[in-house]
Amino acid sequence: MKQYFQDEHYMLQDMVRDFAANEVAPIAEAIDKEERFPLELIPKLAELGLLGIPFPEEYGGAAMDTLAYTLVIEELAKVDSSVAITVAAHISLGISPIYLFGNEEQKNAHLPNLISGKYLACFGLTEPEAGSDAGGTKTTAVRDGDEWVINGSKNFITNAGFSGVCNLTAVTDPEAKRPGGVSVFMVDPKTPGFTIGPPEKKMGWRGSDTRALTFENMRVPAGALLGELDVGFSQMMTALVGGRISVAALSLGLAEGALQAALKYADEREAFGKKIYRFQGVGMQLAEIATEIEAARHLVYQASYVKDHGGNVVKAAAMAKLKASETAVRATNMAVQVHGGYGYIKEFQVERFFRDAKVLTIGEGTSEVQKLVILKQLMKGL
Ligand SMILES: Cc1cc2nc3c(=O)[nH]c(=O)nc-3n(C[C@H](O)[C@H](O)[C@H](O)COP(=O)(O)OP(=O)(O)OC[C@H]3O[C@@H](n4cnc5c(N)ncnc54)[C@H](O)[C@@H]3O)c2cc1C
């Protein structure tokens, strides 16, 4: 990957690969089985600087580029998607909106704590009736003196049970045409009226934390408003562009992990007196998926480059997320198939990979939504 990488990228990649092998791989199966959030990894990730890769040093970050961040998520996902999404949601959806839109006081209050892993951050956009239609927010925030009073709910919020701050959207101008009139509030989950639901029972990502949130007459100070009033939808969409690149990186890593497992197994397993990769039906699947993964890799690294250097990052991120997530679903399906009956048994990591893949075509915009985003850019001539 010489066309994309500099020395610092190779060094970071090696470091994360070691961390994933030594700290994540040994617990990956257990956290999936026990549906346990691996809280013990957060200080270790922070110590290596992995929670602050794209943020300036003044807040404790590593001041590296988006490609570096992409590589971190990719390497973690080769081993465990739950840990990868925990980090990706924290950085792209939790920290980034505060970094991009917060004032200095808000940034100083949260960024050093978030980057040092003192607490995590979450992103509350989705509601029971507003998923793909993310501008259809029903949660309201009404100004009362120096406070806002928030009522409503959010669904499927990653890291919600372990966050010290949650970025939430709420309607602040009921008369405005949606998605206008929505604002973002940075809320401490300990605020009275903030209720965190139990962890969702999930098909995959079982070591990641996903919960519903409800807000009942929750009073937050005026200073909890993130950036400008009534522009929250566009703030969240900006954060989601970065988030989509990180989910694309996660998808790429998971697809690579699945391919490696399938290659190894196809080289070990024999049937009809020969290694199974020698059967064209198996070997050609491996070759096809490897080619799909390389195509996804270029889109993911390209989107990372465009984010830092200019260009149509909305289109690049949507294309990368669409291609990489669909490839991850195909690659993990192929890996289970190549493992035969053993692929269906929990001792083999491809069974977990297969379950972890499906959400990638759903979260941070479904594949259908990515196509709508791409089409909109194309029709604008961009
Ligand atoms: C594990 C997990 C973690 C998540 N983490 C977060 C988080 O941290 N923060 C957060 O805010 N959200 C989070 N989400 C929510 C996620 O982003 C939404 O589930 C997703 O955007 C889809 O919304 P929905 O579930 O309401 O589905 P819907 O919007 O109801 O979609 C249902 C189906 O209809 C299709 N559809 C809808 N509209 C169109 C259209 N116009 N054209 C074509 N097809 C369409 C969709 O593609 C989908 O196939 C998470 C979800 C999961 C499962």
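Keep in mind that what you see is a predicted model, and the values were worked out from it rather than measured.

Q: What's the story with the overall build of the protein chain in this structure? I'm lost.
A: The secondary structure content of the protein chain amounts to ten helices and nine strands. Relative to a compact globule of 382 residues, whose C-alpha radius of gyration would be 21 Å, the protein chain shows 21 Å and is just as compact. Expressed as lengths along the three principal axes of its C-alpha atoms, the size of the protein chain is roughly 80 × 50 × 40 Å. Taking all 382 residues of the protein chain together, the buried fraction comes to 53%. Within the protein chain, contacts between residues at least 6 apart in sequence are counted, and of these 73% link residues at least 24 apart.

Q: Looking at this structure, how should I read the packing of helix H4 (residues 81–101) against helix H5 (residues 104–115)?
A: Look at H4 against H5: their axes get within 10 Å of each other, and the N-to-C directions meet at 150°. Here H4 is positioned roughly antiparallel relative to H5, judged by the angle of their axes. Pair H4 / H5 crosses with left-handed handedness. Along its contact with H4, which presents Gly94, Ile95, Ile98 and Tyr99, the element H5 presents Gln106, Lys107, His110, Leu111 and Leu114.

Q: Would you mind showing me how to read the site of the ligand here?
A: Taken together, 24 residues lie near the ligand, and Leu125, Thr126, Gly131, Ser132 and Thr366 sit nearest. Listing elements by their share of the shell around the ligand, those giving two or more residues are H4, strand S1 (120–124), strand S3 (147–158) and helix H10 (367–379). A breakdown of the residues in the shell around the ligand according to their chemical character gives twelve nonpolar, nine polar and three charged. Among the domains, domain 2 (122–230) and domain 3 (234–379) are the pair contributing at least three residues each to the shell around the ligand.

Q: Help me understand the domain arrangement of the protein chain in this model?
A: As assigned here, the protein chain comprises domain 1 (7–120), domain 2 (122–230) and domain 3 (234–379). The centre of domain 2, based on its C-alpha atoms, is set 30 Å off from the matching centre of domain 3. Every contact between the two is made by nine residues of domain 2 and, on the other side, eight residues of domain 3. Its residues placed into classes, the side of domain 2 that touches domain 3 shows five nonpolar, four polar and no charged.

Q: Just to check I follow, could you spell out the pairing of S3 for this structure?
A: Along any regular strand, the residues point their side chains to alternate faces of the sheet. Of the strand pairs in this sheet, strand S2 (residues 140–144) and S3 are connected by five bridges, and their pairing is antiparallel. Residue pairing for S3: Val142 is matched across the bridge by Val149. In this antiparallel pair of consecutive strands, S2 and S3, the connection spans two residues, and Gly145 shows a positive phi of 65°. Taken together, the nine bridges between S3 and strand S7 (residues 210–221) define a ladder with antiparallel strand orientation. Opposite Ser153, over in S7, you have Thr214 as the bridge partner.

Q: Looking at this structure, I do not really get helix H6 (residues 232–268). What am I missing?
A: One full turn of an α-helix is made of 3.6 residues, so residues set three or four places apart face in the same direction. Look at H6: 53 Å from first C-alpha to last across 37 residues, which is about the 54 Å you get at 1.5 Å a residue. Most of H6 sits inside the fold, with 29 of its 37 residues counted as buried.

Q: Where do I start with the nonpolar core in this structure?
A: Within soluble globular proteins, side chains that are nonpolar tend to cluster in buried spots. By size, the foremost hydrophobic cluster in this structure holds 123 residues, and its most contacted members are Val72, Leu76, Val87, Phe185, Val300 and Ala335. The leading source of residues in this core is H6, at 19 residues. Every residue in contact with Ala335, bar those within four places of it in the chain, is listed here: Ala258, Leu259, Ala261, Ala262, Gly343, Val350 and Phe353.

Q: Got a minute to help me understand unusual backbone geometry in this structure?
A: The bulk of non-glycine residues show a negative phi, and the bulk of peptide bonds are trans. Looking along the chain, the bond that leaves Arg178 and enters Pro179 is cis, with omega of 10°. Inspection of the secondary structure puts Pro179 in the loop between strand S4 (163–171) and strand S5 (182–187). The backbone phi angle of Phe156 is positive, close to 60°, even though this residue is not glycine. Along the chain, Phe156 turns up in strand S3. With phi around 50°, Trp205 is a residue other than glycine that occupies positive phi space. In this fold, Trp205 is placed in the loop between strand S6 (194–196) and S7.

Q: Explain helix H8 (residues 313–338) to me, please; I cannot follow it from the model alone.
A: In this model, H8 (26 residues) spans 36 Å end to end at C-alpha, consistent with the 38 Å of a helix rising 1.5 Å per residue. Counting buried residues along H8, 22 of its 26 residues qualify, which places the element largely inside the surrounding structure. Following H8 by one or two positions, Gly340 adopts a phi angle in the positive range, close to 60°.

Q: Quick question: what am I supposed to make of the environment of Glu288 here?
A: In this fold, Glu288 is placed in helix H7 (residues 280–309). A sequence separation of 207 residues divides Glu288 from Ser81, and the C-alpha atoms of the two residues are 23 Å apart.

Q: Explain the packing of helix H3 (residues 66–79) against H4 to me, please; I cannot follow it from the model alone.
A: For any two helices packed against each other, one specifies the crossing angle of their axes together with the interaxial distance. Running from N to C, H3 and H4 point in directions that differ by 155°, and their axes come no closer than 7 Å. Between H3 and H4, the angle falls in the class roughly antiparallel. In contact with Tyr69, Val72, Ile73, Leu76 and Ala77 of H3, H4 contributes Ser81, Val83, Ala84, Val87, Ala88 and Ile91. Residue composition of the contact of H3 with H4, by class: ten nonpolar, one polar and no charged.

Quick notes on the rules
Residues numbered from 1 in each chain as written. Predicted model: local features only at pLDDT ≥ 70, side-chain atom pairs only at ≥ 80, totals over all residues. Helix = DSSP H or I, 4+ residues; strand = E, 2+ residues; numbered from the N terminus. Rg over C-alpha atoms; globule rule 2.2 N^0.38 Å. Buried ≥ 20, exposed ≤ 12 C-beta atoms within 10 Å, placed from the backbone. Contact = placed C-beta atoms within 7 Å. Axes fitted to C-alpha atoms, helices over the stretch in contact; angles between N-to-C directions. Parallel < 35°, antiparallel > 145°, perpendicular 65-115°, else oblique. Left-handed = near helix turned anticlockwise from the far one by under 90°. Near = placed C-beta within 6 Å. Nonpolar A, V, L, I, M, F, W, Y, C, P; charged D, E, K, R; others polar. Domains from an automatic or database assignment. Pairing = 2+ DSSP bridges. Expected span 1.5 Å × (residues − 1). Core = buried A, V, L, I, M, F, W, Y, C linked by C-beta atoms within 7 Å.

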